[in-house]
Amino acid sequence: MITVIQPGLYTTVQDRGRFGFYGVGFPPSGSMDLYSSAVANILVGNPANAAVLETTFVGPTLEFERNGRIAVTGATADITIDGVSIQPWTIVEIKKGQVLAFGGISAGVRNYLAISGGIGVQPVMGSRSTYVASNLGGVEGRALLPGDRLEVLADSESRTNRNRFEIPEYLRVSPMPHHVIRIVPGLCNYLLDPQSQQLLTAETFTVSTEANRTGYRLTGHQLSFIEREQPFGAGSDPSNVVNLGYPVGSLQAPSGTELICLMRDAVTGGGYATLATVISVDLDILAQMKFPETVLFETISMEAALQLRAERGKRLQSLVELIDAVT
Amino acid sequence: MPEIHEIAAPFPGVFYRRAAPGSAPLAEPEQVIAVGHVIALVEVMKMFHEVQSAVAGRITEFCAEDGDAVAMGQIIAKIESQS
Amino acid sequence: MNTYTEFVDGAQASFGGDEFIFVEVATDMDLEATLRVIALTDSVAAAEISGVTDICPAHVSYMLRVDPDIRDPRDLLPILAEIHKQKAKDSKLTIGSRIIEMPILYQDPWSHEVLMRFRDRHQDPTSTDLDYCSRINGFSSAPEFIHAHSSRLHIATFVGFMPGNAECYQLVPSEMQLQAPKYVRPRTDTPDRALGFGGAFSTIYPVQGAGGFQLLGRCAAPVYETKKPFGPFEHSTVLPKGGDIFQYRSIEMAEYEDIRSRVEAGTYQYRIGILEFDLSQFREDPTGYPLTLVEALP
């Protein structure tokens, strides 16, 4: 068991997400930065789909009731055990009765805390991920509160000498104030006028303060849509379409005034034209960005998007091999 | 020797000195406070974070106005402690 | 680099990043396109394509979620092209469906309280949502509008947005199609189970929250249930599926309260019938054909 002394700003239980229910209105949820979350699980020897804690800006203070291994990845944060600083991106032993505390962060947004065995909340529809809008998964379908007690599953890892490994720099993420975010054009992109199509990838956009697990609003440039007779049932604004499905990572521009990138807890569909989709690898990067950081969207091919995804998979695999080699 | 401690905004958001509109400020300049005293709130996406003082001492100034947008790391208050 | 792939039936496919395929069958709301989407996505489901994790039909488009670590999404385009080709030959537009009775208390006090709180966001602040909908659709009184809305069936043409939400299109001759704009600015509150109407669509709000549809009443039975897995919620937390046909039966307060207590006790039994919906028969007789569907109710 782990007791939540302070919950932090918005700390939720997440795994890789919920599959198979998108068609009836359930977004996948899951870790916003899947790479960091996967690394944390690999470090402590958890299965890939083990549940972790995802923090937002201000992390929690937690008391551990049994010995175990932990790993913290993601944002750059000050972390302590009983007041003594510990390193992120490595394996740390924690003992019964010790208190883990997150201090301020200096880069990024979200930390991932994996605990050997994984968080043991009851899975809902095949996932432990919290989806707050429908009060589903995690701890009672909500963010952590003071006094919550989290069950930790039995540790399946047999090797005990994992605590020497520190992850090399090139396998960590380093959140920066500006990132190139790659997109695949498609969906209703043809409804943007040609100038706006160019503008989308030629100018930088700024992450606004309205950015959370549901969506990221980005400000910067007015986009305009081609003039057409609005389809029956679409609504009167040129950015309106007959309600359609929204991919995770898709960009839309209601009335052209600002961009919204839909994240893992987004609605599954709606009536705004979707313009392009952020590739899965870069959605992890966007998830660590905040106001007033900036992005430049870059169009890439499906082939390149799949290659980048495969490379992310290889990085994670090389990490498993590195750990196997030293332990 | 008195020492000045700066308190920074933990994330980008809106700075509030009151727990609710119309209520008294959580802390006033010149007030002497204990460790853990909540001096202000920072809000983002309707999530409120209590900004606590990590030291005991006297609040010398607030560096942001009630309702201001603040950046992460921006200094929002200064506290003079005796060490 | 070709962003779009066109299938033989005119549908247009593109990728939503590395995990999604989006197929636009039509751009205008059209019942025929909806049924084609249902038939196409049923075929995709029946094909049990490895790597496809989610199949998401909408009004006139659909979306697939693919796990690229299992299957290259580009491999799916020829498979989808073949399914579209097969279905294009198929002139018979029939889908397997259900008819479900939803007991509605029109003009209920809870929706009324909420809609009065948000008059400043409405097109007609001095009226109620029901009176406004009645007037703009040419009815002289709210009961006439309620009769038009509740005496004819509605088909779920888009299930999604949030869990349990289903936008339903009324099965009536086109000259009888009711319409209403959404609120000028969305409300920040709506009672759960409220019956909303916007554009040409009706929906029952699964949970309390924001919303922009005109509020007509409140359903006594839930469409989303996570805590008590009774009846249809034994196997799914959401009631509606794409293509389901709903009968909104107008009820009085006494029956509403009776159904509420049975829902609370987990003993309420939804009236659900299994049927086939045939578009060509509906086209031939849009007034009479839906009446025959009601017979499928137990």
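It should be emphasised that the depicted structure is a prediction, and the values quoted were computed from it without experimental measurement.

Draft legend 1. Representation of the overall build of chain A in the model. Across its full length, chain A carries four helices and 18 strands. The C-alpha atoms of chain A give a radius of gyration of 20 Å, which matches the 20 Å a tight globule of 327 residues would have. Expressed as lengths along the three principal axes of its C-alpha atoms, the size of chain A is roughly 65 × 35 × 30 Å. Burial analysis of chain A (327 residues in total) assigns 61% to the buried set. In chain A, the share of contacts with a sequence separation of at least 24, taken over all contacts with a separation of at least 6, comes to 76%. Surface exposure of chain A reaches about 11700 Å², of which carbon and sulfur atoms provide 52%.

Draft legend 2. Layout of the domain arrangement of chain A. All names here are of chain A. One can read the domain layout of chain A as domain 1 (2-173) and domain 2 (178-307). On a C-alpha basis, the centroid separation for the pair domain 1 and domain 2 is 29 Å. Contacts between the two partners involve 26 residues from domain 1, matched on the other side by 17 residues from domain 2. Carbon and sulfur atoms make up 50% of the area that domain 1 and domain 2 hide from each other, which totals about 1600 Å². Counting the contacts that link domain 1 with domain 2 gives one salt bridge. The residue R213 makes a salt bridge to E54 at a minimum N-O spacing of 2.8 Å. Where the side of domain 1 that touches domain 2 is concerned, the elements lending two or more residues are α1 (34-44), β5 (68-81) and β8 (99-115). In terms of residue count, the dominant contributor to the side of domain 1 that touches domain 2 is β8 (five residues).

Draft legend 3. View of the pattern of salt bridges. Under the definition given, this model contains 39 salt bridges over all chains. Salt-bridge contacts for R74(C) lead to D72(C); the nearest nitrogen and oxygen are separated by 2.7 Å. What makes D72(C) partly exposed here is its relative accessible area of 23%. Here R98(C) makes a salt bridge to D244(C), at a shortest N to O gap of 2.7 Å. Of the two residues, R98(C) sits in strand β6 (residues 94-106) while D244(C) sits in the loop between β11 (214-219) and β12 (245-250), which places them 146 residues apart along the sequence. You'll find R98(C) and D244(C) in the same group, each marked buried. Each of R309(A), D18(C), E19(C), R65(C), D67(C) and D69(C) takes part in a single network of salt bridges with overlapping partners.

Draft legend 4. Representation of the state of the cysteines in the model. Counted by the stated rule, this structure contains zero disulfides over all chains. In this model C188(A) remains outside any disulfide bridge; the closest cysteine sulfur is found in C56(C), 15 Å from its own. Residue C188(A) is classed as buried on the basis of its relative accessible area of 0%. Among the cysteines around C261(A), which has no disulfide bond, C188(A) carries the closest sulfur, lying 16 Å off. By relative accessible area, C261(A) is classed as buried at 0%.

Draft legend 5. Molecular detail of the sheet that holds strand β4 (residues 38-44) of chain B. Residues and elements named next belong to chain B. If you walk across this open sheet you meet the four strands as β5-β4-β2-β7, and the pairing is antiparallel. Pairing within the sheet leaves two strands with one partner each, and these edge strands are β5 (47-52) and β7 (69-70). Pairing geometry for strand β2 (residues 13-16) and β7, over two bridges, is antiparallel. Paired with G13 across the bridge in β7 is V70.

So, how was this worked out
- Residues numbered from 1 in each chain as written.
- Chains lettered and ligands numbered in written order.
- Predicted model: local features only at pLDDT ≥ 70, side-chain atom pairs only at ≥ 80, totals over all residues.
- Heavy atoms only, no water.
- Helix = DSSP H or I, 4+ residues; strand = E, 2+ residues; numbered from the N terminus.
- Rg over C-alpha atoms; globule rule 2.2 N^0.38 Å.
- Buried < 20%, exposed > 50% of the residue type's maximum accessible area, 1.4 Å probe, protein only.
- Contact = heavy atoms within 4.5 Å.
- Areas by Shrake-Rupley, 256 points an atom, 1.4 Å probe, with all protein chains shown as cover.
- Domains from an automatic or database assignment.
- Buried area = accessible area lost by both parts, 1.4 Å probe.
- Salt bridge = Lys/Arg side-chain N within 4 Å of Asp/Glu carboxyl O.
- Disulfide = S-S within 2.5 Å.
- Pairing = 2+ DSSP bridges.

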